[in-house]
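Fold and contact review
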Amino acid sequence: MQLLDPEAAAALVGTDLGASDWKRVDQARIDAFAEVTEDHQFIHVDPVAAAATPFGGTIAHGFLTLSLLASMQPEGAIVLKGIKMGVNYGFEKVRFLQPVPSGSRIRARHRLKAFEEKGGGRYLVTTEVTVEIEGQDKPALIADWLGMQFC
């Protein structure tokens, strides 16, 4: 994490902040997500039935891949000096481009897209995040992720 003052953070708009470590998305993780979300669609939880689909096996839920963003921060992620808290503020855009096959490894590459002072010690940080699948050219997802930092 980079501990920066707001001026230094704003100067990094357009900069690649790096990529997270690789994270395995195995069947146990997919099954646990299915339990929590009550989404038991066969393409996620039934290896035999999923093998007969164009995917050739089970795939991660798109929302599982999206939710893993919280744990896939790069070393270059921006944290403001004097931060009291940070919260997810939402997404401007999320696109699921390719499924994540069970057993794959993924990582998130981050680029600082925008940095805005909102007043009252609040700063809106917009990061373009691309989730890469190891060994594949096409990413799993691309999203503009909004985070609000309170100082």
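The following paragraphs examine the structure supplied in this document. This one's a predicted model, so the numbers in the text were calculated from it and none came from an experiment.

**Some points on the side chain of Thr 53**
Among the structural elements, Thr 53 can be located in the loop between α4 (47–51) and α5 (62–67). Judged by relative accessible area, Thr 53 falls into the buried class, the value being 17%. Of note is the side chain of Thr 53, whose polar atom sits 2.7 Å from the backbone oxygen of Ala 50. Thr 53 has contacts with Phe 42 and Ile 43, leaving out every residue within four places of it along the chain.

**Regarding the layout of surface pockets**
Computed from the structure, the largest pocket encloses a volume of approximately 390 Å³. Lining the largest pocket are 20 residues; nearest its centre among them are Gln 73, Ile 78, Trp 145, Gly 147 and Gln 149. Secondary-structure elements contributing two or more residues to the lining of the largest pocket are β4 (78–80), β5 (85–96), β6 (104–119), β7 (122–133) and β8 (141–150). Here the lining of the largest pocket gets five residues from one element, more than from any other, and that element is β8. Of the residues belonging to the lining of the largest pocket, the class tally is 13 nonpolar, seven polar and no charged.

**Quick look at a negative patch on the surface**
A cluster of acidic side chains, namely Asp 26, Asp 31, Glu 35 and Glu 38, defines a negative patch on the protein surface. When you line up the elements, Glu 38 lands in the loop between α2 (27–37) and α3 (42–45). Look at Glu 38 and you get exposed, because its relative accessible area is 67%.

**Focus: the environment of Glu 132**
Structurally, the position occupied by Glu 132 is in strand β7. Remark: the alpha-carbon pair of Glu 132 and Glu 35, spanning 97 residues in sequence, is separated by 25 Å. Residue contacts for Glu 132: discarding those within four places in its chain leaves Trp 22, Arg 105, Ile 106, Arg 107 and Arg 109. Within the local environment of Glu 132, its side chain forms a polar contact with the side chain of Arg 107, the two groups lying 2.6 Å apart. Within the structure, the side chain of Glu 132 is placed 3.1 Å from the side chain of Arg 109, a separation counted as a polar contact.

Cut-off values and rules
- Residues numbered from 1 in each chain as written.
- Predicted model: local features only at pLDDT ≥ 70, side-chain atom pairs only at ≥ 80, totals over all residues.
- Heavy atoms only, no water.
- Helix = DSSP H or I, 4+ residues; strand = E, 2+ residues; numbered from the N terminus.
- Buried < 20%, exposed > 50% of the residue type's maximum accessible area, 1.4 Å probe, protein only.
- Polar contact = N/O pair within 3.5 Å; in protein donor to acceptor, adjacent residues only side chain to side chain.
- Contact = heavy atoms within 4.5 Å.
- 1 Å grid on protein atoms, 1.4 Å probe; cavity = no way out; pocket = protein on both sides within 12 Å on 5 of 7 lines; lining within 4 Å.
- Points joined across faces, edges and corners; volume = space filled by probe spheres on them.
- Nonpolar A, V, L, I, M, F, W, Y, C, P; charged D, E, K, R; others polar.
- Patch = residues over 30% accessible without salt bridge, like charges linked within 9 Å, V, L, I, M, F, W, Y side chains within 5 Å.
- Areas by Shrake-Rupley, 256 points an atom, 1.4 Å probe, with all protein chains shown as cover.
- Salt bridge = Lys/Arg side-chain N within 4 Å of Asp/Glu carboxyl O.
- Lys, Arg positive; Asp, Glu negative; His and termini not counted.
- Charge placed at Lys NZ, Arg CZ, Asp CG, Glu CD.

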